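# Coordinates in review
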Amino acid sequence: MKKFLPVLVIILVLLVCLCACNKQEEKDDTIYPVVLQPTSEYVGQSLLNYMTAQKTASELDFTSSTSGSYTMITSINGIENTTNSYWMLYTSDAANADTSWGTYEYNGVTYGSATSGAETLTIISNGVYIWVYTTF
């Protein structure tokens, strides 16, 4: 009996260690915003043109769907729109943003919801454009 107790304790300790080592890491389901800061060569062009250039350079992956004259971004970097979740665009371009439609804070700066889509939103000098995956 005296030898049985230490062996039992050792077995229990090993089992606890084995279970702890096999513990799976928690999955991070956070979808981070996609921040775009086009260089001066894109000023005056549409945000969609810039995004297409980034896609060609393998810096950004996105898909879009066009209906009539309207283009909707349907996925960014493999994250697709769903029935209740969409990629929403925010911008530092105050002339093309409406804070009553919504705001997004990033690095201590508040950005307004873009009043037009990527296909018609014209890039401004030092403009910041942020795609945020939003669930309603």
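Bear in mind that the values here come from a model prediction, so they are computed numbers and not experimental data.

Reading the values: rules and limits
- Residues numbered from 1 in each chain as written.
- Predicted model: local features only at pLDDT ≥ 70, side-chain atom pairs only at ≥ 80, totals over all residues.
- Heavy atoms only, no water.
- Pairing = 2+ DSSP bridges.
- Helix = DSSP H or I, 4+ residues; strand = E, 2+ residues; numbered from the N terminus.
- Contact = heavy atoms within 4.5 Å.
- Axes fitted to C-alpha atoms, helices over the stretch in contact; angles between N-to-C directions.
- pLDDT = per-residue confidence, 0-100.
- Core = buried A, V, L, I, M, F, W, Y, C linked by side-chain atoms within 4.5 Å.
- Buried < 20%, exposed > 50% of the residue type's maximum accessible area, 1.4 Å probe, protein only.
- Phe/Tyr/Trp six-rings, centres within 6.5 Å; stacked < 30°, edge-to-face > 60°.
- Lys NZ or Arg CZ within 6 Å of the ring centre and 35° of its normal.

### Concerning the sheet that holds strand 2 (residues 62-67)
- Reading across from one edge, 2-3-4 is the order of the 3 strands in this open sheet, with antiparallel pairing throughout. A single partner strand is all that each edge strand has here, and the edge strands are strand 2 and strand 4 (79-80).
- Of the pairings in the sheet, the one linking strand 2 to strand 3 (residues 70-76) comprises 6 bridges and is antiparallel in character. The partner of Thr-63 across the bridge, within strand 3, is Ser-75.
- Here helix 2 (residues 47-56) sits on the sheet in contact with strand 2 and strand 3, set at roughly 140° to strand 2.

### Considerations on the confidence of the model for the protein chain
- Mean pLDDT over the protein chain works out to 85, with 79% of the residues at or above the 70 mark.
- Every residue in residues 4-27 scores below 50 in pLDDT, and together they form 0 contacts with partners more than four places removed in sequence or on other chains.

### A short note on the sheet that holds strand 1 (residues 34-36)
- Strands sit in the order 1-8-5-7-6 across an open sheet of 5 strands; the sheet is antiparallel. Since the sheet does not close on itself, it has two edges, and those belong to strand 1 and strand 6 (97-106), each with one partner. For this sheet, the mean angle separating the axes of adjacent strands, direction not counted, is 40°.

### Quick look at the nonpolar core
- Counting residues in hydrophobic clusters, the biggest one holds 20 residues, and the most contacted among them are Leu-36, Leu-47, Met-51, Ile-76 and Trp-131.
- Every element with two or more residues in this core is listed here: strand 1, helix 2, strand 3, strand 5 (85-91) and strand 8 (129-135).
- Sorting elements by how many residues they give to this core places helix 2 first, with 4 residues.
- When residues no more than four places from it in sequence are discounted, the contact partners of Ile-76 are Val-34, Leu-60, Asp-61, Phe-62, Trp-87 and Trp-131.
- Core analysis: the next-biggest nonpolar cluster, separate from the first, contains 5 residues, Tyr-90, Tyr-111, Ile-130 and Val-132 among them.

### Observations regarding the packing of aromatic side chains
- The final tally for this structure, using the stated rule, is 4 aromatic pairs.
- With centroids separated by 4.9 Å and ring planes inclined at 80°, the aromatic side chains of Tyr-42 and Tyr-50 adopt a geometry described as edge-to-face.
- Judged by relative accessible area, Tyr-42 falls into the buried class, the value being 15%.
- Taking the relative accessible area as the measure of exposure, Tyr-50 reaches 8% and is therefore buried.
- Here the aromatic rings of Tyr-86 and Phe-136 are separated by 6.2 Å at their centres, their planes lie at 50°, and the arrangement is tilted. Here Tyr-86, found in strand 5, pairs with Phe-136, found in the segment after strand 8; they are 50 residues apart in sequence, far enough to count as distant.
- Take Tyr-86: its relative accessible area is 28%, and that puts it in the partly exposed class.
- Here the guanidinium or amino end of Lys-55 rests over the ring plane of Phe-62, the centre of that ring lying 5.0 Å away.

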